[in-house]
Amino acid sequence: MNTTTLAVLVPLLPFLGGIAGLLIGRGAAGLVRPLAVLPAAASAVLAVLVAVRQGGGATIDAATRLTPTGAAPVDLALHLDGFAVLVAVLVTVVSTCVQLYSTGYLREDPRYSSYAALVSLFTSAMLLVVYSGDLMVLLVGWEVMGICSYFLIGHYWETPEARSASLKAFLVTKLGDVPFLFGLFALAADTGSFRITEVLHAVTHGGLDHPTLIALLLLCGVVGKSAQFPLHTWLPDAMAGPTPVSALIHAATMVAAGVYLVARLLPVFTSSAAALVVLAVLAAVTMVGSGLAALAQDDIKRVLAYSTAGQLGYMTGALAVGDRGAAVFHLLSHGAFKALLFLAAGVVIHAAGTNSLAAMSRMPGLRRAVPDAYWTLTVALLALAAIPPFTGFFSKEAVLGAAEHAATGHAHGIPTAAGWLVLVAGLATALLTGAYATRLWLLLGARETPEAAGAREAAEAAEAVGAVGAEAREATASAPDGTPAHGHPGTPRVMNAVLWLLAIPTFLFGLTAWALPDWFDGRDLAPTLTTSVLGTGVALVGGLLTYAAWRHTKALAARYPLGAVAADPEGDAGRTEAQAIASRPAAYGAPGGTEDPADPGRLLLGGLHRHAATGFHLDRLHSALAVTPVRAGATLVRFLDTAVIDTYVRAAAALPKLLGAAARRAQTGNIQTYLGALIAAAALLTCAVVLYAAGA
């Protein structure tokens, strides 16, 4: 079987598995899990084979004419280069891990069959984006991801948070997709083709007639899909969906699609210096703003969501300075550790019964209850903070090195302003990332008080001598935090196995920095001394400042107790998460932040905390600039429809009705009346004739 056939099967297998799951999932419960896991696993194996065969060598192109559309025909085309085959491996591996994890996480969910099928379709759509060599076919995968995300984010549709989050994600991304579509048409009009190879050839040799306009239109779609300022607000709210969905969206699919598209079409963007500066500004604002917001969030998943926006800012920043190798390297490494972060957070939420960090910080037994999740989460946080030798260090330093290269004027055709923007914002974000990663780890790792430790030891001693009766249960329950003292029996083994599997690339993938240039553009991705020292140094400073703030505020936790409100350690993890989402507003207030004086983030941010917790009120700005005018326009249209147009319609019906009523009054049925009217009319007519004749 040749490489092209294998590449066709990579997106086809999860697509067929998803369709089969939708059609027969409810009627054949025993087939649901195999239909979810096996196609994803087979697709991952085939993606690895395609990557091995391509081997970073010559690009493999294959195409067949899909339909003649005039000057710019649409082809069903494959474009397999080093970028495509490695991103496909990431997508399929993460998707397989998510499907395996979901078999335990949603094991009692009545809608698991449709959920698993939609995850398969979601994966297939992203793979279509990755492998496609035609922009219109790529657009199909781009839009299918949008509709799949709508259904998956709204999986817990019983909760108003999930319903509003799914609708918001769909509408905000579509707001960017409209100009994106016009950008694709304009690009095809300038180059005469939708084929990516022909587009790039035309850009390289002939140039574009409207490079800035096309680049900015395409950027609108990228900003929406990859959650960049100012259209990133849907991403934190999307945390109302199941945690495995969050892992899939953040690590390997939807948000990665925009970055990947810019990497594919980078010559289009580098042909306009203005577009590169705009991209650099958006990346810088996203990085710094998301870092500040993450430091103020109380919901553990919202912390990770804002961190995703910031890491995507690094990727778009690398693209703004013309280094797509660094951007895709960070995309790959981020996919590994971000999937691990979310899936480990899912285990923690299940054990704690809440997504509130303030509540978790008052559960000293939490990390003992879920040791696998806690330690793998620690590894992932170290990678997120770019601490060597974890993978995030190497990929983030590749981005900072590219920015330094552009800032010092060594990148041909790249504005130095873009380089300085990305470099300064990248270092500031490294400081903030170290701070919020340390905060999250410290709040999850609260140590036991002597009373809690004594209760736990008493329970363990009672069990050791066989007294597992009421005394042991009473001793265990006497722990003030209420969390399991010696393990969390409700975590399925498959979930923990997936965590350790993802911990391997989180720790080791960065070592490929010396091999990946052969797969990419040949640019060096190894860390440079200056940016390595600066980046790691500011990250450590952020961590130390947060630790000092935590030492200062942790004593306040005992004075302001908070507890979990939805804990079911033996039940389904997905159900526990849905309960935690639904009960959070009443228990802890707004999803952004909680009035917790023991939060070190509150001390670090000071008066900025309340603004950062709400995402700097961008939702209000969007409401004022977009939602309110649209509603006002809808009100005006409704008024014109009911008060103006309907008035004419009603008048057209009322006039015949009035005439009919007048005619009906004359029809009395009385013969004398009719004869009298006839005689009177005849007399009037006679008088008129006589008068006319006399006048004549």
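Computed from a prediction, not measured in an experiment: that's the story for all the values here.

### Side note on the overall build of the protein
Thought 1: The helix and strand inventory of the protein stands at 29 helices and 2 strands.
Thought 2: Relative to its full complement of 696 residues, the protein shows a buried share of 56%.
Thought 3: Accessible area of the protein: about 27900 Å², with a carbon and sulfur share of 69%.

### Looking at helix α20 (residues 416-444)
Thought 1: Under the 1.5 Å per step criterion, the end-to-end length of α20 is 42 Å for 29 residues, consistent within 8% with the ideal 42 Å.
Thought 2: For α20, the tally of buried residues reaches 21 of 29 residues, placing the bulk of the element in the interior.

### Things to note about the environment of Val 172
Thought 1: Checked against the element boundaries, Val 172 lands in helix α6 (residues 160-191).
Thought 2: Residue Val 172 is classed as buried on the basis of its relative accessible area of 14%.
Thought 3: With 51 residues separating them along the chain, Val 172 and Val 223 place their C-alpha atoms 10.0 Å apart.
Thought 4: Excluding residues within four positions of it along the chain, Val 172 makes contact with Leu 231 and Trp 234.

### Some details on a nonpolar patch on the surface
Thought 1: Together, Val 8, Leu 12, Phe 15, Leu 16, Ile 19, Leu 22, Leu 23, Ile 24 and Leu 31 give the surface a local cluster of nonpolar side chains, amounting to about 770 Å² of exposed area.
Thought 2: By residue number, the principal contributor to the nonpolar patch is helix α1 (residues 3-24), which donates 8 residues.
Thought 3: Mapped onto the fold, Val 8 is located in helix α1.
Thought 4: A residue is classified by how much of its surface remains accessible, and Val 8, at 40% relative accessible area, is partly exposed.

### Quick look at the packing of aromatic side chains
Thought 1: On inspection of all chains with the given rule, the structure shows 14 aromatic pairs.
Thought 2: Measuring from ring centre to ring centre gives 5.8 Å for Phe 394 and Trp 514, while their planes differ by 70°; the resulting arrangement is edge-to-face. Placement of Phe 394 in helix α19 (residues 391-407) and of Trp 514 in the loop between α23 (493-508) and α24 (529-553) is noted, with a sequence separation of 120 residues between them.
Thought 3: Here a set of aromatic residues connected by ring pairs shows up, and it is made of Tyr 150, Phe 151 and Phe 170.
Thought 4: For Arg 33, the ring lying beneath its charged end belongs to Tyr 112, and the centroid distance is 4.8 Å.

### Thoughts on the pairing of strand β2 (residues 74-80)
Strand residues, when the strand is regular, have side chains that alternate between the two faces of the sheet.
Thought 1: The buried fraction of β2 is high, at 6 of 7 residues.
Thought 2: The pairing of strand β1 (residues 60-67) with β2 spans 7 bridges and is classified as antiparallel. Across the sheet, the residue bridging to Thr 64 is Leu 76, located in β2.
Thought 3: The antiparallel pairing of β1 with β2 creates a hairpin that spans 6 residues between the two strands, and Gly 70 there sits at a positive phi of about 90°.

### Regarding the confidence of the model for the protein
The predicted coordinates should not be examined in detail at positions where pLDDT is low.
Thought 1: In the predicted model, the protein carries a mean pLDDT of 87, and the fraction of residues at 70 or more is 89%.
Thought 2: Counting interchain partners and residues more than four positions distant, the pLDDT-below-50 stretch residues 467-487 has 33 contacts.

### Brief notes about unusual backbone geometry
Thought 1: Look at the link from Phe 229 to Pro 230: it is a cis peptide, with omega at 5°.
Thought 2: Relative to the elements of secondary structure, Pro 230 occurs in the loop between α8 (211-225) and α9 (234-237).
Thought 3: Cis rather than trans, the peptide bond between Pro 388 and Pro 389 has omega equal to 10°.
Thought 4: When you line up the elements, Pro 389 lands in the loop between α18 (371-384) and α19.
Thought 5: With phi around 55°, Ala 227 is a residue other than glycine that occupies positive phi space.

### Thoughts on the packing of helix α11 (residues 254-264) against helix α15 (residues 324-352)
Thought 1: α15 packs onto α11 with a crossing angle of 155° between their chain directions and a minimal axis gap of 10 Å. Relative to α15, the element α11 lies roughly antiparallel. When the axes of α11 and α15 are compared, the crossing they make is left-handed. For the pair α11 and α15, contact is made by Ala 256, Val 259, Tyr 260, Ala 263 and Arg 264 and by Arg 324, Val 328 and Leu 331, respectively.
Thought 2: Counted by class, the contact of α11 with α15 contains 6 nonpolar, no polar and 2 charged residues.

What counts and what doesn't
- Along each chain, residue indices are assigned from 1 in the same order as the chain's sequence is written.
- Since the coordinates come from a predicted model, pLDDT governs what is reported: local features require at least 70, and pairs of side-chain atoms require 80 or more to be given and counted, while whole-chain, interface and lining totals use all residues.
- For the side-chain quantities, the full set of heavy atoms in the structure was used; hydrogens and water were omitted.
- Strands are runs of DSSP state E lasting at least two residues, helices are runs of H or I lasting at least four, and both sets are numbered from the N terminus onward.
- The buried label applies to any residue whose accessible area, calculated with a 1.4 Å probe on protein chains only, is under 20% of its type's maximum; exposed applies above 50%, and partly exposed to all values in between.
- Computed with a 1.4 Å probe, the accessible areas rest on the Shrake-Rupley method; for each residue, only the protein chains presented here act as cover.
- The span one expects for a helix is its residue count, reduced by one, times 1.5 Å.
- A contact between two residues is defined here by any heavy atoms of the two lying within 4.5 Å.
- Patches here are clusters of residues that have more than 30% relative accessible area and form no salt bridge, with a 9 Å joining cutoff for like charges and a 5 Å cutoff for nonpolar side chains (Val, Leu, Ile, Met, Phe, Trp, Tyr).
- Basic side-chain nitrogens of Lys or Arg form a salt bridge, by our definition, when they fall within 4 Å of a carboxyl oxygen of Asp or Glu.
- Pairing of aromatic side chains requires ring centres within 6.5 Å, counting the rings of Phe and Tyr and the six-membered ring of Trp. Pairs whose planes differ by under 30 degrees are stacked, by over 60 edge-to-face, and all others tilted.
- Any Lys NZ or Arg CZ found within 6 Å of a ring centre and within 35 degrees of that ring's normal is scored as a charge over the ring.
- When DSSP finds two or more bridges between two strands, those strands count as paired.
- Predictor confidence is given residue by residue as pLDDT, running from a minimum of 0 to a maximum of 100.
- Orientation is described by axes fitted as lines to C-alpha atoms, over the contacting stretch for helices, and by angles from 0 to 180 degrees between their N-to-C directions.
- An angle below 35 degrees is read as roughly parallel, one above 145 as roughly antiparallel, one from 65 to 115 as roughly perpendicular, and any other as oblique.
- When the near helix sits turned anticlockwise from the far one by under a right angle, the crossing is termed left-handed; a clockwise turn instead gives a right-handed crossing.
- Each residue receives one of three labels: charged for Asp, Glu, Lys and Arg, nonpolar for Ala, Val, Leu, Ile, Met, Phe, Trp, Tyr, Cys and Pro, and polar for the others, Gly being one of them.

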